[in-house]
Amino acid sequence: MKRRPPIYGLMAEFDTPSDLVAATLRAREAGYRKMDGYSPYPIEELAEAIGFHSSRLPLIVLIGGLIGCAGGYYLQYWVSVMDYPLNIGGRPLNSWPSFIPVTFETTVLVAALAAVLGMLGLNGLPMPYHPVFNVSRFALASRDRFFLCIEATDPKFDHEETMRFLKSLKPRSVSQVPH
Amino acid sequence: MIHDASLPEAELQQFQKRSLLVGIVGLALCGAGMLFNREEFFRSYLLAYLFWIGIALGCLAIVMLHHLSGGAWGIVIRRLLESATRTLPLMALLFLPIVFGLSHLYEWARPEALGDKILRHKSLYLNVPFFLVRAALYFAAWIAVVYFLNKWSLKQDQTAAPSLSRQLELLSGPGLVIYGATMTFASIDWVMSLEAHWFSTIYGLSFMVGQVLGAFAFVIAVAILLSSRKPLSEVISSEHLHDLGKLLLAFVMLWAYLAFSQFLIMFSGNLPEEIPWYIRRQQGGWRWIGLLLILLHFALPFLLLLSRSLKRDAKKLLAVAALVIAMRFVDLLWQVSPAFHPEGFHFNWMDLAAPAGIGGIWLASFARQLKGRPVLPLHDPFFQEAVQHGRE
């Protein structure tokens, strides 16, 4: 395992969302990849600027849906055909049209559960501790400030070099983020 | 800013001429066919008529839905929809052949119907004079709503009065109720009564959703074809197509939901007055047409329209819209033709000639209506916002 870097990263603070997006684009151009932006509200352009890759969540939801679909149908098939076959008005034991509503419901149920649990699994929530909160000014990220944090695990990260780069973006301030 | 919102006249003129030619040739062929096979002529004509009037009425419903809900998606296609609704007087005229073919089409319209106990009871409603009075009422109601929707919309182009939007909104609420009520009964009269012993309470709604779905596919196709030409090329963007694609997806699902609801209830009840309708549609080739509907009217468009990039791609969305339009025809074929041919799949050459004939004339009339007015409602209070939505 690689040695843990001495700090979590360096964080620059901006006044406006457009400054943050512009800074993120510059950082990306400069070759930084391991970074994250923080803002009081979602900024669509920011996700693009960070180069947010498409997530694996849709695939997880699809698999969940397929499991729900097959499971829901099999549950009814097992009950009405295998375990306790009943002749109901001469209909075939495997009366698929009657099984569709429940199959649909279980598809939605398992897909929705897969969406929630998959989302939590992929983004690591709930997260009781995150280093960015060690910077006291970061509390403003839920009010009116916009932050860009370049993480020390980025291969291009160099304490002095990155500090100089962030300062060149004309932020309000740049702070070290301890672990 | 766009100042001139008229389409290239010469091109439309040419399209109009060609459509008219196809229409006349198609109807002439059917006219000749009538001399040899009167029964089949009326059957094919009814099928073709239901298909094309469905698109016109679906457009009427979408215009009113949009006046009530608002949204950029509707403003950019409103004039296309309105042009389609103005073909309804023509459709009233084209209803006449059906009037003369009633005894060929509907068992209740034949004298021997009185020998059937159930049809005798139903004759209080299902009799020729009352049928004609009702049809006249439907057309009168539709044409009246179309008249005012179009009149006020055009007036807004000239006066730019925002109060007209409110007026259109106030008409559209009752207008949709009128459409729902008249179309429920029209679908009972014109289609459900082909098998007069059968009944389904969800039929009217299911028929209307089919119309709106077909109209959405049609207007998406027209918008995409026109979006390569001025002035629509400056307005319609992938953002609008995305919205329209989502609505198409919603109506594909709603159609499947209603079609399945009717099937599930009749399958579960398995009653002698309900289930024969489905038994007839599972005999011979009709079973495969039904399967085709599940696959190509629901499953394929549903899966394709889930994709975000497909909905934003004009060419691909056009292909899906074309598929939906074609399947609308197959669905009507599956609803109508087994009533005449319960033994199995049957396709007469006039089942193609009649849709081409009515369709040619209908499209010519549609093109003529498109030419007559600005293709964008430039003075709608939300027009600029709708254009801006496309540029985001």
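This structure is a prediction, so every number in the text was calculated from the model and none was measured.

Engineer: Give a detailed account of the environment of Phe146 of chain A, specifying residues and quantitative values.
Structural biologist: All names here are of chain A. Tracing the backbone through its elements, the reader meets Phe146 in strand S3 (residues 146-151). Taking C-alpha positions, Phe146 is 9.9 Å from Arg172, a pair spaced 26 residues apart along the chain. The residues touching Phe146, leaving out its near neighbours within four places in the chain, are Ala12, Glu13, Phe14, Asp15, Thr16, Pro17, Leu20, Tyr38, Ser39, Pro40, Tyr41 and Ile43.

Engineer: Lay out the interface of chain B and chain A with the relevant residues and their values.
Structural biologist: At the interface, seven residues of chain B touch eight residues of chain A. Between chain B and chain A, a total of about 580 Å² is buried, with carbon and sulfur atoms accounting for 73% of that surface. On the chain B side of the interface with chain A, the three residues burying the most area are Phe260, Leu264 and Phe267 of chain B, jointly 67% of the side's total. For the pair chain B and chain A, the interface holds zero salt bridges. For the side of chain B that touches chain A, the residue count by class is four nonpolar, three polar and no charged.

Engineer: I'd like to hear about unusual backbone geometry, residue by residue, with values.
Structural biologist: With an omega dihedral of -5°, the bond running from Leu125 of chain A to Pro126 of chain A counts as a cis peptide bond. Look at the link from Lys230 of chain B to Pro231 of chain B: it is a cis peptide, with omega at 0°. Inspection of the secondary structure puts Pro231 of chain B in the loop between helix H10 (203-226) and helix H11 (238-269). Despite not being glycine, Ala160 of chain B shows a phi value in the positive range, around 60°. Phi angles above zero are rare outside glycine, and Asn270 of chain B is one such case at about 50°. Residue position: Asn270 of chain B is located in the loop between H11 and helix H12 (276-280).

Engineer: An account of the domain arrangement of chain A is needed here, citing residue identities and associated values.
Structural biologist: Interface size is commonly expressed as the accessible area that is lost once the parts come together. Segmentation of chain A into domains returns domain 1 (7-51 + 129-178) and domain 2 (57-122). One C-alpha centre belongs to domain 1 of chain A, the other to domain 2 of chain A; they are set 45 Å apart.

Engineer: Help me get a handle on the nonpolar core, residues and values and all.
Structural biologist: Tyr49, Tyr106, Trp142 and Trp190 of chain B are the most contacted members of the largest nonpolar core, which totals 131 residues. When near neighbours in sequence (up to four residues on either side) are disregarded, Trp190 of chain B contacts Leu46, Tyr49, Leu50, Ile53, Phe95, Tyr106, Phe131, Ala135, Tyr138, Phe139 and Trp142 of chain B. In this structure, Phe14, Val21, Ala27 and Leu166 of chain A belong to the second largest nonpolar core, which totals 24 residues.

Engineer: Explain the packing of helix H2 (residues 38-69) of chain B against helix H8 (residues 128-159) of chain B residue by residue, including any values.
Structural biologist: Residue and element names in this part refer to chain B. Across the interface, H2 lies against H8 with an axial gap of 12 Å and an inter-helix angle of 45°. In terms of orientation, H2 and H8 fall into the oblique class. The handedness of the crossing between H2 and H8 is left-handed. For the pair H2 and H8, contact is made by Tyr49, Ile53, Leu57, Leu60, Val63, Met64 and His67 and by Phe139, Trp142, Val145, Val146 and Leu149, respectively. Across the contact of H2 with H8, the residue classes break down as eleven nonpolar, one polar and no charged.

What counts, and where the lines are drawn
- Residues numbered from 1 in each chain as written.
- Chains lettered and ligands numbered in written order.
- Predicted model: local features only at pLDDT ≥ 70, side-chain atom pairs only at ≥ 80, totals over all residues.
- Heavy atoms only, no water.
- Helix = DSSP H or I, 4+ residues; strand = E, 2+ residues; numbered from the N terminus.
- Contact = heavy atoms within 4.5 Å.
- Buried area = accessible area lost by both parts, 1.4 Å probe.
- Salt bridge = Lys/Arg side-chain N within 4 Å of Asp/Glu carboxyl O.
- Nonpolar A, V, L, I, M, F, W, Y, C, P; charged D, E, K, R; others polar.
- Domains from an automatic or database assignment.
- Core = buried A, V, L, I, M, F, W, Y, C linked by side-chain atoms within 4.5 Å.
- Buried < 20%, exposed > 50% of the residue type's maximum accessible area, 1.4 Å probe, protein only.
- Axes fitted to C-alpha atoms, helices over the stretch in contact; angles between N-to-C directions.
- Parallel < 35°, antiparallel > 145°, perpendicular 65-115°, else oblique.
- Left-handed = near helix turned anticlockwise from the far one by under 90°.

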